[in-house]
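Residue-level structure breakdown
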Amino acid sequence: MPKNIPLINREVSWLYFNDRVLQEAADKSVPLVERIRFLAIFSSNLDEFYRVRVATLNRLSNLNTRSKAILGFSPRKILNQIKNIVVRQERKFNHLYEDVIVKELERERIFLINETQLNVTRGSFVREYFREKILSTLVPVMINKNEPFPELKDRAIYLFVRLVQTKNKEKSRFALIEIPTDVSGRFIVLPETNNLKFITLIDDIVRYCLDDIFFIFEYDSIEAYSVQLTRDAELDLDIHVSEKFIDALSKSLLKRGKGKPMRLLYDTDMPLDMLTYLVAELDLTADGLIPGNRYHNFKDFIGFPNVGRPELEYPKLVPLPVNELSTVSSIFAQISRKDYLINLPYQSFDYIIHFLREAAIDPKVREIKITLYRLAENSRIIHALINAAKNGKKVSCMLELKARFDEQANIYWTNRLEEEGVVVNYGMPDYKVHSKICLIRRTEKGKDRYYANLATGNYNEKTAKLYCDHSLFTANPLITAELVTFFDGLQKQVFYSAYKHLIVSPLESRQKINTLINKEIKTAKAGKNASIILKMNSLTDVAIIEKLYEASNAGVKIKLIIRGMCCLVSGIAGFSENIEVISIIDRYLEHARVWIFGDAGRQNVYLSSADMMARNLDHRVEVGFPILDAEIRSEILDIINIQLKDNTKAREINELNNNRYRKTGTKVHSRAQTDIYTYLKYKK
């Protein structure tokens, strides 16, 4: 790693991204129930961060000086920095939840109550519910100090219980109870009184009924404190044994739940002697101890029930139609005449389903090829592919089994597809196939014609309602001919190069991105206007950052829209005076990757499945593609310009890492996601 350029550590940068999520929970203009859901997203993000990134840093820290020489930083130092930032964020999180949001719920006549706040009537309701629905699912584990400590599941919520004998504390007993959140969700709505709404958590129902569980023991009182353990979730795989890959992956998934403990989130009310005992038994370091409140696995709060006014949630936005694209006439006939762009979630994912459904029954369709990464739980994409195979189409599916945390689901879909006659390719041994491409071969007038869908996001109808992505339909032979070559390479497990239009990882993306940046540098040095606009999830690749610094120093005007990690530091003299970076966090997740190069006013536009990270450029199969249709190119430019005007949900990404809301020097209120919906609604 170069030592002479300004860089933000990627892990630290990610934590500041998650802080922007926390800002949404603190934003009083966000509807109250949505603020609770942003707390849940923050918590879920942090869980994954510890399972993957902190786990990796812990592994690297064992290499000591060698890892510092290779990485350019000390993993142990970064782990300490992470701990300090996370503890600070957890304090902010707890304050937001306990001192702000709970009180605002009460002003809405909605009360989150615990086991100590139940009156006789609600207590009777809770006890009856416990005995009917919960008691039979609980398996308390009694802890014997002379026997091995029980294995805690990854991210499960436990009550650490002490049965106290006041006169003889040596006879006090410990137990663990796993909270069964999969029985009926985390929340129970209690009977309403005088137009007052009451909600309690499964955790507190179990606390209230502990005497129903431990009645056979002698005790004077019961203490119960919540804990949650996060484990190392990285997989160790011998992926070179391709014919045994699914078996190897399945076995590794079983081990994931028993990975090394990374973080113990604990209730700060827990007595020190109980906490000390836990830490010793779990073999945790100080870095892994994170104080929290009484409720863990806060990701479950994404399902928090709105028992109040509809205004406590964002109003549902009806997906907009795409101009001139109909789902009641042949989509192939329409795409044969012109390209179409679907802007998700503002426009409906149903167009993509319609594309595959028509292909499944169209007698002229001979073959369907598709790459899949993350799928919805009851995937209509999979059903359409199965129907196509049943109708005699040749269906080939590249389903990436190594999609992190979707491995088990993708093994299931692999088996389903193969049972129905779909040819499934498991991917390449050393590379994840992350592209989102579908190619359909159709016979027209005795010749093959190809129709394609190329996207920045997954073929997942659930996330398509929440993620901002672009999806292109085209029959342009300049694109489809190269996709034929691309899929041929996937089938043969070889990488082709020398694409004229596509930008494909791992062989060509880095080289072509550098070429495009160099062209802007040359234009700037010639005294002409040169510009680069890049939108993506993450920018961490050091070589690309160096190149952008070089472009900035040459006079290229660079605007970056980076949702998550950004290791580039803007506004630094001698490096990045001409670079501005913003991040937009709002009700939808910004997920599209858009690259715009000024090209002396011609503004070349590319969409891609790839972020500018080393893994995407060098270790994944990714596809970037040019927008050749002038009308669609103009539409994407309009959408990006709307985002660049955002002064409501855009934050500055700078060397201070303060996530300051961006000011644009105008009194005109601009909120990109709202304005894009309006733009598409009235666009002719």
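All figures in this text were calculated on a predicted structure; none of them were measured in a lab.

Axis separation between helix H12 (residues 380-390) and helix H13 (residues 407-419) bottoms out at 10 Å; the angle between their running directions is 20°. Here H13 runs roughly parallel to H12, going by the angle between their axes. Taken as a pair, H12 and H13 cross one another with a handedness that is right-handed. On the side of H12, the interface is formed by Ile-382, His-383, Leu-385 and Ile-386, while H13 contributes Trp-413, Arg-416 and Leu-417. Residue composition of the contact of H12 with H13, by class: five nonpolar, one polar and one charged.

Looking now at the sheet that holds strand S4 (residues 173-178). In spatial order, the strands read S2-S4-S3-S7-S8-S9; together these six strands make up an open sheet with mixed pairing. Because the sheet does not close on itself, it has two edges, and the strands there are strand S2 (141-143) and strand S9 (289-292). Averaged over all neighbouring strand pairs, the angle between strand axes comes to 30°, with direction disregarded. By the bridge criterion, eight bridges tie strand S3 (residues 157-164) to strand S7 (residues 221-231) in an arrangement that is antiparallel. Note that in S7 the partner of Val-161 across the bridge is Ala-224. Along the sheet face, helix H2 (residues 32-61) touches S7, strand S8 (261-267) and S9 and points at about 140° away from the line of S8. Lying on the sheet, helix H4 (residues 75-107) is in contact with S8 and S9; it crosses S9 at an angle near 10°.

Glancing now at the packing of aromatic side chains. Overall, the coordinates contain 26 aromatic pairs when judged by the stated rule. Here the aromatic rings of Phe-93 and Phe-298 are separated by 4.8 Å at their centres, their planes lie at 85°, and the arrangement is edge-to-face. Here Phe-93, found in helix H4, pairs with Phe-298, found in the loop between S9 and helix H10 (331-337); they are 205 residues apart in sequence, far enough to count as distant. By the burial criterion, Phe-93 is buried, and Phe-298 matches it. Plain terms: the ring middles of Phe-332 and Phe-355 are 5.6 Å apart, the flat faces sit at 50° to each other, and that makes the pair tilted. Residue Phe-332 is found in helix H10, and its partner Phe-355 is found in helix H11 (residues 350-361); the two are separated by 23 residues along the sequence.

To continue, consider empty space enclosed by the protein. Inspection of every chain in the model, using the stated rule, returns seven cavities of 30 Å³ or more. Lining of the largest cavity is provided by 16 residues; of these, Ser-43, Glu-90, Phe-93, Leu-265 and Phe-298 occupy positions nearest its centre. For the lining of the largest cavity, the secondary-structure elements that each account for two or more residues are H2, H4 and S8. Per-element tally for the lining of the largest cavity: the top contributor is H2, with four residues. Contributing to the lining of the second largest cavity are 13 residues, with Phe-486, Val-494, Phe-495, Tyr-496 and Tyr-499 lying nearest its centre. A per-element tally of the lining of the second largest cavity places helix H14 (residues 477-492) first, with four residues. In terms of residue class, the lining of the second largest cavity is made up of ten nonpolar, three polar and no charged.

Let us look at the pairing of strand S15 (residues 437-444). In terms of burial, S15 is a largely internal element, six of the eight residues being buried. The sheet contact formed by strand S11 (residues 365-372) and S15 spans five bridges and is antiparallel. Following the sheet pairing, Val-365 is matched in S15 by Arg-442. As paired strands, S15 and strand S16 (residues 447-455) are joined by eight bridges and run antiparallel to one another.

Relative to each other, helix H18 (residues 630-644) and helix H19 (residues 672-682) sit at 150°, their axes nearing to 9 Å. Comparing the axis directions of H18 and H19 gives the class roughly antiparallel. You can see that H18 and H19 cross each other, and the crossing is right-handed. Where H18 approaches H19, its residues Glu-635, Asp-638, Ile-639, Ile-642 and Gln-643 are matched on the opposing element by Ala-672, Asp-675, Ile-676, Tyr-679 and Leu-680. When grouped by side-chain class, the residues that make up the contact of H18 with H19 number six nonpolar, one polar and three charged.

Moving on to the layout of surface pockets. The computed volume of the second largest pocket comes to approximately 330 Å³. Along its surface, the second largest pocket is lined by 21 residues, and Lys-153, Ala-156, Tyr-158, Glu-178 and Ile-179 are the ones closest to its centre. The biggest single contributor to the lining of the second largest pocket is S4, with three residues. When grouped by side-chain class, the residues that make up the lining of the second largest pocket number twelve nonpolar, three polar and six charged.

With that settled, consider the environment of Asn-84. On the secondary structure map, Asn-84 appears in helix H4. As a C-alpha pair, Asn-84 and Leu-201 span 117 residues in sequence and 30 Å in three-dimensional space.

Opposite charge on two side chains lets them pair, provided their charged atoms get close. In the structure shown here, the tally under the stated rule is 53 salt bridges. Among the salt bridges present, the one from Arg-662 reaches Glu-580, with a minimum N-O distance of 2.9 Å. Remark: Glu-580 occurs in strand S21 (residues 579-584) and Arg-662 occurs in the loop between strand S26 (650-652) and H19; sequence separation between them is 82 residues. With relative accessibility at 30%, the residue Glu-580 sits in the partly exposed group. Here the residues in one salt-bridge network are Glu-367, Lys-369, Lys-394, Arg-441 and Asp-448, joined through shared partners.

Let's shift gears to the confidence of the model for the protein. Averaged over every residue, the pLDDT of the protein is 91; the share at 70 or more is 94%. A low-confidence stretch, residues 237-243 stays under pLDDT 50, and its non-local contacts, those more than four residues away or across chains, total ten contacts.

Here we come to the pairing of strand S25 (residues 620-626). As a general feature of sheets, a regular strand has side chains that alternate between the two faces. Counting buried positions over the seven residues of S25 gives seven, a clear majority of the element. Side chains Arg-620, Glu-622, Gly-624 and Pro-626 of S25 all project onto a buried face; the interleaved residues Val-621, Val-623 and Phe-625 project onto the opposite face, where all are buried too. Here strand S14 (residues 432-433) runs beside S25; their pairing, made up of two bridges, is parallel. For Lys-432, the partnering residue across the bridge sits in S25 and is Arg-620.

Let us now look at the environment of Ala-389. Looking at the element boundaries, Ala-389 is found in helix H12. Since its relative accessible area comes to 15%, Ala-389 is described here as buried. For the pair formed by Ala-389 and Val-423, sequence separation is 34 residues and the distance between their alpha carbons is 9.3 Å. With near-sequence residues (within four places) excluded, Ala-389 lies in contact with Val-395, Glu-420, Gly-421 and Val-422.

Analysis parameters
Residues numbered from 1 in each chain as written. Predicted model: local features only at pLDDT ≥ 70, side-chain atom pairs only at ≥ 80, totals over all residues. Heavy atoms only, no water. Axes fitted to C-alpha atoms, helices over the stretch in contact; angles between N-to-C directions. Helix = DSSP H or I, 4+ residues; strand = E, 2+ residues; numbered from the N terminus. Parallel < 35°, antiparallel > 145°, perpendicular 65-115°, else oblique. Left-handed = near helix turned anticlockwise from the far one by under 90°. Contact = heavy atoms within 4.5 Å. Nonpolar A, V, L, I, M, F, W, Y, C, P; charged D, E, K, R; others polar. Pairing = 2+ DSSP bridges. Phe/Tyr/Trp six-rings, centres within 6.5 Å; stacked < 30°, edge-to-face > 60°. Buried < 20%, exposed > 50% of the residue type's maximum accessible area, 1.4 Å probe, protein only. 1 Å grid on protein atoms, 1.4 Å probe; cavity = no way out; pocket = protein on both sides within 12 Å on 5 of 7 lines; lining within 4 Å. Points joined across faces, edges and corners; volume = space filled by probe spheres on them. Salt bridge = Lys/Arg side-chain N within 4 Å of Asp/Glu carboxyl O. pLDDT = per-residue confidence, 0-100.

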